[in-house]
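Summary of structural features
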Amino acid sequence: MFKNFKSVDRCVIGKGAYNQLGEILEKRRIASDDYIVFIVDKVFENGLTNIKQRIPSKPNDIVIYADVNDHEPTTEQVDEIRDSILANKNSLLPAGIVGIGGGSIMDIAKATALMVTNEGSSQLYQGLNLIKNSGIWHCGVPTIAGTGAEVSMTAVLTGPTKKLGLKCDWTIFDQVILDPEVVADVPTDQWFYTGMDSYIHCVESLTGTLNNEFSRAFGEKSLLLCQEVYLNDNLTKLEKDEKLMIASYMGGLSLTYSEVGVCHALSYGLSYVFGYRHGIANCIAFDVLEDYYGDYVTEFRKMVTKHNVTLPKNLAKSWSNEEIERMVDTTIALEHMWNHAVGKDWKQKVSRDSIRKLFERM
Ligand code: NAD
Ligand code: ZN
């Protein structure tokens, strides 16, 4: 069975592309009571960059500043946002939802667009094709590049029992705006961690067993762009940001016909048990994976040094046996990742003990 995958319908790309958002939204504003919901990262609420002043909202619209600073998006957070929107407008559906932020906000916007038309808590829909009704029109404006969340068919949420995406065709954005000026002010460490998500997506996509010419074509080009961004000294910051946005998008497309691998399996364990953010969790995990990803890990360490990033070390010293076991539980349950990374016979090659040893090296 071949994947019959859906893509983002429309995408505007380039320096200044964000200025087109207002015009794009005009097409959604048909009836007099039509309104748009903007879900914006809370970091922009107090004037960091000029995003707040540039939100093309009208008096009838709703602007929600969502806090993703202390934790990754949760099912509870999405439920609350959905409930507050519908309560505010007597259950009238928005004409569109716009997410402005990093991967966390991309996921909250995608999930909210689904949850306004699906009853109950979003935790009921964590998984593949569990959503019953199509969501509403939604648009993503990434303010950090790397996760590929702007193009993927999943909205990753942490729920009471698992970190898992709401995954279906309707999750995909109808519109995306990629403007390198919008990502210009990301602090260096975050720029590095999230960008490395893209690098690692490509490494995992390319080295696994489930890829094809399509995923390799996007993965190879995206990997080259990441290498340029993090190792080439002759690029301006704007050129780097533009390349990284395209790398992120193409890395995400590569995964459409491939999978992530061992690093993401470990990283999910770290995020679930200790709440580490996705980008940094990937970096902590990738640093111990030379047996799986060889020269790529050497190259990754070169990038870490070049950008003066200090990765957290000696973490395992303070982890209890029970915490490590819970991470192993989360990691080993991600069978599709192991299947892709190691092959169908992965259970003969990977044991709880070998995964445990990787965590103990972090
Ligand atoms: P993020 O959205 O979690 O943001 C990281 C931090 O940077 C936050 O504190 C945020 O407030 C801040 N920030 C965002 N934009 C900024 C800007 N322009 N300037 C300054 N600060 C800014 O970071 P991320 O790495 O882009 O996303 C990680 C999330 O994406 C995780 O929740 C992960 O689960 C999810 N993810 C989803 C997919 C998918 O396919 N849906 C893929 C990978 C990761
Ligand atoms: Zn990732």
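Structure: above.
Presented here is an overview of the structure given in this document. (Residues numbered from 1 in each chain as written. Chains lettered and ligands numbered in written order. Predicted model: local features only at pLDDT ≥ 70, side-chain atom pairs only at ≥ 80, totals over all residues. Heavy atoms only, no water.)

**Details of the pattern of salt bridges**
Put simply, the test is: By definition here, a salt bridge exists when the distance from a side-chain nitrogen of Lys or Arg to a carboxyl oxygen of Asp or Glu is within 4 Å. In this description a helix means any DSSP run of H or I spanning at least four residues, a strand means any run of E spanning at least two, and both kinds are numbered starting from the N terminus. Only protein chains enter the calculation, and the probe is 1.4 Å; a residue is then buried if its accessible area is under 20% of its type maximum, exposed if over 50%, and partly exposed in between.
Under the criterion given, the structure shown has 24 salt bridges. One salt bridge in this structure joins Lys306 and Asp233, with 2.7 Å as the shortest N-O distance. With Lys306 in helix H9 (residues 290-306) and Asp233 in the loop between helix H5 (213-231) and helix H6 (237-256), this residue pair connects regions lying 73 residues apart in the sequence. In this structure Lys306 comes out as partly exposed when scored by relative accessible area, which is 35%. On the basis of relative accessibility, which here comes to 58%, the residue Asp233 falls in the exposed class. Between Lys313 and Asp287 there is a salt bridge, with the nearest N and O atoms lying 2.7 Å from each other. Placement of the pair is Lys313 in the loop between H9 and helix H10 (321-332) and Asp287 in the loop between helix H8 (278-286) and H9, with a sequence separation of 26 residues. Judged by relative accessible area, which is 12%, Asp287 ranks as buried. Overlapping salt bridges, with partners in common, bring together Asp287, Glu290, Arg301, Lys313 and Arg361 in one network.

**Description of the pairing of strand S2 (residues 36-41)**
Basically, it comes down to this: At least two DSSP bridges between two strands are required for those strands to pair.
Counting buried positions over the six residues of S2 gives six, a clear majority of the element. Neither face of S2 is open: one carries Ile36, Phe38 and Val40, the other Val37, Ile39 and Asp41, and all of them are buried. Of the pairings in the sheet, the one linking S2 to strand S4 (residues 96-101) comprises five bridges and is parallel in character. Across the sheet, residue Ile39 finds its bridge partner in S4, namely Gly99. Where S2 lies against strand S3 (residues 62-66), five bridges are found, and the strand directions are parallel. Within S3, the position partnered with Asp41 by the bridge is Ala66.

**A few points about the coordination of the zinc ion (ligand 2)**
In plain terms, the rule: A 2.8 Å cut-off from the metal defines N, O and S donors, relaxed to 3.2 Å for Na, K and Ca; water is not in the atom list, so some sites may appear incomplete. Any coordination sphere not matching a tetrahedral pattern (four donors, all angles between 85 and 135 degrees) or a square planar or octahedral pattern (four or six donors, opposite donors over 155 degrees apart, other angles between 65 and 115) is reported as irregular.
Protein coordination at the zinc ion (ligand 2): the donors are Asp197 (OD), His201 (NE2), His264 (NE2) and His278 (NE2), at 2.1 to 2.2 Å from the metal. Geometry at the zinc ion (ligand 2) is irregular, judged from the four donor atoms that bind it and their angles of 84 to 169 degrees at the metal.

**Details of the site of ligand 1**
Note the cut-off: Here, proximity means that at least one heavy atom of the residue falls within 4 Å of the molecule or strand. The definition of a polar contact used here is a pair of N or O atoms within 3.5 Å, where within protein one atom must be able to donate a hydrogen and the other to accept one, and adjacent residues in sequence count solely through side-chain atom pairs. In this description, accessible areas are obtained by the Shrake-Rupley approach with a 1.4 Å probe, and a residue is regarded as covered only by the protein chains that are shown.
Taken together, 28 residues lie around ligand 1, and Asn69, Ser104, Ser152, Thr194 and Arg277 are the ones closest in. Contact distances for ligand 1 include 2.8 Å between a nitrogen atom and a side-chain N or O atom of Asp107. Take Arg277: an N or O atom from its side chain is 2.7 Å from an oxygen atom of ligand 1. Relative to its unbound accessible surface of 860 Å², ligand 1 loses 94% to contact with the protein. Contributions of two or more residues to the shell around ligand 1 are made by helix H3 (103-115), strand S7 (154-158) and helix H4 (188-207).

**Considerations on the sheet that holds strand S1 (residues 10-13)**
Paired through backbone hydrogen bonds, the strands of a sheet run either parallel or antiparallel to each other. Just so we agree on the cut-off: Every axis corresponds to a line fitted to the C-alpha atoms, with the helix fit spanning only the stretch in contact, and the corresponding angles, defined between N-to-C directions, vary from 0 to 180 degrees. Any two residues whose heavy atoms approach within 4.5 Å are treated as being in contact.
With respect to topology, six strands assemble into an open sheet ordered S1-S9-S6-S4-S2-S3, the strand pairing being parallel. Only two strands of the sheet have a single partner each, and these edge strands are S1 and S3. Going from strand to strand, the sheet's axes swing by 15 degrees on average, the running direction of each strand aside. Examined bridge by bridge, strand S6 (residues 138-142) and strand S9 (residues 175-178) share two bridges and lie parallel to one another. Bridge pairing links Gly140 to Val176 in S9. Sitting on the sheet, H3 touches S2, S3, S4 and S6, and the angle it makes with S4 is about 170 degrees.

**Some remarks on the nonpolar core**
Rules: Nonpolar cores are built from buried Ala, Val, Leu, Ile, Met, Phe, Trp, Tyr and Cys residues. Side-chain atoms within 4.5 Å join them into one set.
Counting 100 residues, the largest nonpolar core has Phe192, Tyr199 and Phe359 as the members making the most contacts within it. In terms of residue count, H4 provides more of this core than any other element does, nine residues in total. Counting 20 residues, the second largest nonpolar core, distinct from the first, contains Leu21, Phe44, Ile51 and Ile177.

**What about the sheet that holds strand S8 (residues 163-167)?**
With mixed pairing, three strands are arranged side by side in an open sheet as S5-S8-S7. Each of the sheet's edge strands pairs with one partner strand only, and the pair in question is strand S5 (127-128) and S7. In the sheet, S5 pairs with S8 via two bridges, with the strands oriented parallel. Paired with Leu128 across the two strands is Lys167, which belongs to S8. Sheet strands touched by H3: S7 and S8. Its angle to S7, the strand with the most contacts, is close to 100 degrees.

**Digging into the state of the cysteines**
Let me state the cut-off plainly: Any two cysteine sulfur atoms within 2.5 Å of one another count as a disulfide.
All chains considered together, the criterion is met by zero disulfides. Left unpaired, Cys226 is separated from the closest cysteine sulfur, that of Cys202, by 5.2 Å. Taking the relative accessible area as the measure of exposure, Cys226 reaches 0% and is therefore buried. With no disulfide partner, Cys263 has as its closest neighbouring cysteine sulfur the one in Cys283, 7.7 Å distant.

So yeah, pure geometry; function would need other evidence.
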